[in-house]
Amino acid sequence: AIPVRSSRLPLSDAMPAPAHLFPLIRNCEISRICSTVCYCHHKHLCCLSSHFAHSHFRDAPQKKFAALYRPKENFNYFIHARDYASTPQRFYLTPPQVNSILKANEYSFKVPEFDGKNVSSVLGFDSNQLPANAPIEDRRSAATCLQTRGMLLGVFDGHAGCACAQAVSERLFYYIAVSLLPHETLLEIENAVESGRALLPILQWHKHPNDYFSKEASKLYFSSLRTYWQELIDLNSGETTDVKEALINAFKRLDNDISLEAQVGDPNSFLNYLVLRVAFSGATACVAHVDGVDLHIANTGDSRAMLGVQEEDGSWSAVNLSYDHNAQNEREVKRVKTEHPKSEEKSLVKQDRLLGLLMPFRAFGDVKFKWSIELQKRVIESGPDQLNANEYTKFIPPNYHTPPYLTAEPEVIHHKLRPQDKFLVLATDGLWETMHRQDVARIVGEYLTGVHHQQPIAVGGYKVTLGQMHGLLAERRARISSVFEDQNAATHLIRHAVGNNEFGTVDHERLSKMLSLPEELARMYRDDITIIVVQFNSHVIGACQNEEL
């Protein structure tokens, strides 16, 4: 166990407060600071609690929410209302304690050179997660397709709780795998179910022990999946399945099933409440399908995929393989506006949020932005008491006239792998909010190769004495010698994302402070971070290229 002191780390001792604190707050951190106003009594269930009502809102559109959205100048009231420290005593985690926290959720998988079907273009992958929310709202998944070819890897960023992200992380890969199956295999699977025979395994999962499956919902999930493959059998066109089309169909169908399951309900009260929690919360998804030299990225929301490329001189560059679906993407804003009447143009995107409330413009779940008002009221009134008593579920977004305003349809990008494409990084926005993609490419590339291309130390306008410069150079040497502390590329990247100082080097004191922040404050400084680093086999990719030529 990591020792803690009775008086928690003071905010001023942790690090200077951000210049624009309130606009940066997202998800459930308001509820944790304003704990006297709203408190979730069932956090371990990721339930639709009172904090759920405003987890991704910034401004309250109704007076009854005003207490949750106090102006910035009143923020000190909440900070001082909680006495975080009675003494100015400093407390730092030791390096072993820091490593224990950083490595708690790391996972690595090395792909066999020959899996019985083909030589894989993937050497292996490293993944890791660092929570900021409690419980963490991010999820991750990785699996090998057994009845077709290739690997699936994905990160899922939940909001308004973890229920939707959990469901999508369990289910989406099955929908993709089924979408890719040939007609004969679908028939074989359906006949096995009909006759009660054992099913052909579709996926081989590569999971950390903490990446659990919901046993209670497994029958319901299987029933929905079976209905999907039955429809695919009936719609058989005899044509070879296109990967891009399969990805799009799988995303859209799963989101439709999440919505339908919530509308129909379930006689089991626990299961009924579960499907409603899944539907009323939300999740973004960024998924990679790798088959030989064909890399497909399907993205819904604001997680990202980035390719690490090694140039001829040994340096590293980053290639974006996804686009954020938010207000910073002009094409996405235009898409949203063209789907609704011109009379709604001014109310569709306010304060960089959909209807002034939601940051991602594409997501699974979030039925409050998809269902009609009548359907929402009917489901809530016929639902369990926990749902009916929740202020968030009864709240209708402002200017809500022509739903749906939100879609789970992914944007799919296809890339032919080249020998210089060395790795792929899939990560939720918790990483990209703290690090530029070029820095990510350099840090991961140098970690994987063990070769460090030193740049002149940039001090960014700071006045640095000769002694300080000597210290920076010493830190650089120590960083190079200690890089192999981490046996996992995702862990190494998280260490930099959380611990980097203004000079781009890991500062142990800063890292210790950030990891020591109490739950109430951690979410104010960063989001949950989930990373998967996929390493490619350049020799296999080069051989595949030569065969195609």
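An unreviewed UniProt entry lists the protein under the name [Pyruvate dehydrogenase [acetyl-transferring]]-phosphatase 1, mitochondrial, with Pterocles gutturalis given as the organism. Under the UniProt heading Catalytic activity (unreviewed entry), the note attached to the protein is "O-phospho-L-seryl-[pyruvate dehydrogenase E1 alpha subunit] + H2O = L-seryl-[pyruvate dehydrogenase E1 alpha subunit] + phosphate".

This part is about helix H13 (residues 373-382). Every buried residue of H13 is listed here: Leu 375, Gln 376, Val 379 and Ile 380. Projection of H13 onto a plane perpendicular to its axis shows the buried side chains occupying an angular sector of 125 degrees, all on one side. When the buried face of H13 is taken as reference, the exposed residues oriented beyond 90 degrees from it are Glu 374, Glu 381 and Ser 382.

What follows is about the sheet that holds strand S15 (residues 529-536). Strand order in the open sheet formed by 6 strands is S1-S2-S15-S14-S8-S9, with antiparallel pairing between adjacent strands. Each end of this open sheet is capped by a strand with a single partner; those strands are strand S1 (107-110) and strand S9 (316-320). Between one strand and the next, the sheet's axes are offset by a mean angle of 20 degrees, whatever the strand orientation. Taken strand by strand, helix H17 (residues 437-449) contacts strand S8 (304-310), S9, strand S14 (421-427) and S15, and its axis lies near 125 degrees from that of S9.

Attention now moves to the pattern of salt bridges. Side chains bearing opposite charge may pair, as long as their charged atoms lie close to each other. Counting across every chain of the model gives 21 salt bridges. Among the ionic pairs, Glu 261 bridges to Arg 171, the shortest N-O distance being 2.8 Å. With Glu 261 in helix H9 (residues 243-264) and Arg 171 in helix H6 (residues 163-180), this residue pair connects regions lying 90 residues apart in the sequence. Judged by its relative accessible area of 9%, Glu 261 is buried. In this structure, Arg 226 engages Glu 194 in a salt bridge whose closest nitrogen and oxygen atoms are separated by 2.9 Å. Residue Arg 226 is located in helix H8 (residues 218-234), and its partner Glu 194 is located in helix H7 (residues 183-195); the two are separated by 32 residues in the primary sequence. Exposure remark for Glu 194: the relative accessible area of 57% places this residue in the exposed category. Several salt bridges converge on common partners, so that one network encompasses Glu 332, Arg 335, Glu 339 and Arg 362.

What counts, and at which threshold
- Residues numbered from 1 in each chain as written.
- Predicted model: local features only at pLDDT ≥ 70, side-chain atom pairs only at ≥ 80, totals over all residues.
- Heavy atoms only, no water.
- UniProt positions renumbered as here; feature names shortened; annotations may be inferred.
- Buried < 20%, exposed > 50% of the residue type's maximum accessible area, 1.4 Å probe, protein only.
- Helix = DSSP H or I, 4+ residues; strand = E, 2+ residues; numbered from the N terminus.
- Arc of directions from axis to C-beta.
- Pairing = 2+ DSSP bridges.
- Axes fitted to C-alpha atoms, helices over the stretch in contact; angles between N-to-C directions.
- Contact = heavy atoms within 4.5 Å.
- Salt bridge = Lys/Arg side-chain N within 4 Å of Asp/Glu carboxyl O.

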